[in-house]
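Overview (structure and organization)
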Amino acid sequence: MQKHLLEFYRGKRVLVTGHTGFKGSWLSRILVNAGAQVTGFSLKPPTDPALFSMAGLEGRMESIIGDVRNLEQVREAFEKAQPELVFHLAAQPIVRDSYRDPVYTYETNVMGTVHVLECSRLFPCVRSVLNVTTDKVYENMEWEYGYRENDRLDGYDPYSNSKSCSELVTHSYKKSFFHDGRCAVSTCRAGNVIGGGDFANDRIVPDCVRAAVKGEPVTVRNPYSTRPYQHVLEPLLAYLMVARAQYEDLSFSGYYNVGPDDKDCITTGELVDLFCEAWGDGMSWVNKSDGGPHEANFLKLDCSKIKNVFGWRPAWGVKEAVERSVIWYKEWAGGGDVTAVMDEQIRQMFFGGENHV
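Keep in mind it's a predicted model, so treat the numbers as computed, not measured. (Residues numbered from 1 in each chain as written. Predicted model: local features only at pLDDT ≥ 70, side-chain atom pairs only at ≥ 80, totals over all residues. Heavy atoms only, no water.)

1. Concerning the packing of aromatic side chains
- Evaluated as defined, the whole model comprises 13 aromatic pairs.
- For the ring pair Tyr 173 and Phe 177, a centre distance of 4.9 Å and an interplane angle of 55° mean the geometry is tilted. Taken together, the residues Tyr 173 and Phe 177, both in helix α7 (residues 158–177) and four residues apart, mark about one turn of the helix.
- Its relative accessible area of 37% is what places Phe 177 among the partly exposed residues. (Phe/Tyr/Trp six-rings, centres within 6.5 Å; stacked < 30°, edge-to-face > 60°. Helix = DSSP H or I, 4+ residues; strand = E, 2+ residues; numbered from the N terminus. Buried < 20%, exposed > 50% of the residue type's maximum accessible area, 1.4 Å probe, protein only.)

As structure tokens, then:
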């Protein structure tokens, strides 16, 4: 099934917003390898080092540097790409950054979504649109059970709330402009992703890597916060499944949680323990809660819907996800071939066993 999934994308015209980011770089690598005609639209890579610069994509896809806050730039990207499928990943994705610059966060995450959907409305070539949001769109009640797609949307901080607004914008455009069946629209709400090539600030695995390279203990701000951690390839496979299914059958359009099983919803401290074990070299961590801005303490997703509709299942537990992340980062730290690691992990996810459908 995974092989057939990638075969679907061969020759398809695909636009990926946010292609220079962590998730976007992995998604672009998958699509390019599958033979898709990929156009990316994004700001310049957000980190240094940057996965996009290492991912072997130059010359294999069209990379347009632009800002989703600018409707004309988005329209020009659609004009150039003439996409059949659109994956909207462009976002300001960091909670703490959203406190520092809420206006930019709302402009990017809300009006950026409006601009992508408006262009999808105006260009009849578009058949399938997937807006990637987050598990943080829900009003967080610190419940023990996972949030379901019909639970209340109301993120607390500017990042989470802007993504809730992005969901509502998508719902409105879907009902107002896409009810004729010409184009299918879905959102996917993913949990915390980890994997090789993430160098963002204020994310736990990149913090671990920076400490490991320096030979220092990891500083952990919120070791008791529970999060749904999963390898980045898990939701990407789900996005590709949803986008293909609704392209072929409008009835599959909807709203889908994508996260790990309950056993892999662990605390940040437990995640760092797994990282230290996988990295070796006597790595350790210290608890230094800095009393920073509000973030949810307990968060997990109920993914029954995507499992029932598509038969999707997580392939790798959180321990395996951490181990694969460490393999990538050690290859990078040693000056090795990270694209070979990427391709091998993509092969394992899509062809490596009876893991999804």
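Alright, that's what it looks like, and here's the rest.
2. So, the packing of helix α12 (residues 318–333) against helix α13 (residues 338–351)
- Running from N to C, α12 and α13 point in directions that differ by 165°, and their axes come no closer than 9 Å. Judged on the interaxial angle alone, α13 and α12 are roughly antiparallel. In this structure, the crossing between α12 and α13 has a hand that is right-handed. Here Arg 324, Ile 327, Trp 328, Glu 331 and Trp 332 of α12 lie close against α13, whose contacting residues are Val 338, Val 341, Met 342, Gln 345 and Gln 348.
- Broken down by class, the residue content of the contact of α12 with α13 amounts to six nonpolar, two polar and two charged. (Axes fitted to C-alpha atoms, helices over the stretch in contact; angles between N-to-C directions. Parallel < 35°, antiparallel > 145°, perpendicular 65-115°, else oblique. Left-handed = near helix turned anticlockwise from the far one by under 90°. Contact = heavy atoms within 4.5 Å. Nonpolar A, V, L, I, M, F, W, Y, C, P; charged D, E, K, R; others polar.)

3. Details of the sheet that holds strand β4 (residues 85–88)
- Ordered in space as β3-β2-β1-β4-β5-β6-β10, the seven strands form an open sheet in which the pairing is parallel. The open sheet has two free edges, formed respectively by β3 (62–65) and β10 (255–258), since each of these has just one partner strand. Across this sheet, the average inter-strand angle for adjacent strands is 15°, counted without regard to direction.
- Here helix α2 (residues 22–33) sits on the sheet in contact with β1 (13–17), β2 (37–42), β4, β5 (128–132) and β6 (184–190), set at roughly 170° to β1.
- Running at roughly 170° to β2, helix α4 (residues 71–81) makes contact with β1, β2, β3 and β4 of the sheet. (Pairing = 2+ DSSP bridges.)

4. Structural notes on α12
- A rise of 1.5 Å per residue sets the reference length of α12, with its 16 residues, at 22 Å; its end C-alpha atoms lie 22 Å apart and thus fit the reference within 8%.
- Val 318, Ala 321, Val 322, Arg 324, Ser 325, Val 326, Trp 328 and Tyr 329 are the residues of α12 that are buried.
- Note on α12: the residue one or two positions beyond its end, Gly 335, has a positive phi of about 75°. (Expected span 1.5 Å × (residues − 1).)

5. A short note on the pairing of β2
- Of all the six residues making up β2, five are buried; the element is thus mostly covered by neighbouring parts of the structure.
- Bridge analysis of β1 against β2 gives five bridges, and the strand direction is parallel. Its bridge partner being in β2, Val 16 is matched across the sheet by Gly 40.
- Of the crossover connections in this fold, the one passing from β1 over α2 to the parallel β2 is right-handed. (Right-handed = clockwise from strand over helix to strand, strands pointing away.)

6. Describing the packing of helix α1 (residues 2–9) against helix α9 (residues 233–248)
- Closest axis-to-axis distance for the α1/α9 pair is 10 Å, and the angle between their directions is 65°. Relative to α9, α1 is oriented so that their crossing is left-handed. Side by side, α1 and α9 meet where Gln 2, His 4, Leu 5, Leu 6, Phe 8 and Tyr 9 of the first sit next to Leu 237, Leu 240, Met 241, Ala 243, Arg 244, Tyr 247 and Glu 248 of the second.
- Here the contact of α1 with α9 is built from residues that sort into nine nonpolar, two polar and two charged.

7. Things to note about the pattern of salt bridges
- Counted according to the given criterion, the structure contains 23 salt bridges.
- Between Glu 62 and Lys 80 there is a salt bridge, and its shortest N-O distance comes to 3.1 Å. Pair noted here: Glu 62 is in strand β3 and Lys 80 is in helix α4, with a separation of 18 residues, a long-range link.
- Between Glu 344 and Arg 347 there is a salt bridge, with its nearest N and O atoms 2.9 Å apart. (Salt bridge = Lys/Arg side-chain N within 4 Å of Asp/Glu carboxyl O.)

8. Things to note about α2
- End to end, α2 covers 17 Å across 12 residues, agreeing with the expected 16 Å (1.5 Å per residue, within 8%).
- Every buried residue of α2 is listed here: Phe 22, Lys 23, Gly 24, Ser 25, Trp 26, Leu 27, Ser 28, Arg 29, Ile 30, Leu 31 and Val 32.
- Directly after α2, the chain includes Gly 35, whose backbone phi takes a positive value near 95°.

9. Some points on unusual backbone geometry
- Pro 49 follows Asp 48 through a cis peptide bond whose omega is 5°.
- Examined against the element boundaries, Pro 49 turns out to sit in the loop between β2 and α3 (51–54).
- The phi torsion at Gln 82 lies on the positive side, around 45°, for a residue other than glycine.
- Topologically, Gln 82 is positioned in the loop between α4 and β4.
- For Asp 281, which is not a glycine, the phi torsion comes out positive at approximately 60°.
- With respect to the secondary-structure elements, Asp 281 resides in the loop between α10 (268–279) and β12 (285–287).
- Classification of Asp 281 by relative accessible area gives exposed; the value is 69%.

10. What about the nonpolar core?
- Counting 84 residues, the largest nonpolar core has Tyr 9, Trp 26, Phe 87, Leu 240 and Phe 275 as its most contacted members.
- In terms of residue count, α9 provides more of this core than any other element does, 11 residues in total.
- Those residues in contact with Phe 87 that lie beyond four places of it in its chain are Tyr 9, Val 14, Leu 15, Val 16, Thr 17, Leu 27, Leu 130, Tyr 239, Leu 240 and Ala 243.
- Residues Phe 41, Ile 64, Phe 78 and Cys 125 belong to the second largest nonpolar core, which totals 24 residues. (Core = buried A, V, L, I, M, F, W, Y, C linked by side-chain atoms within 4.5 Å.)

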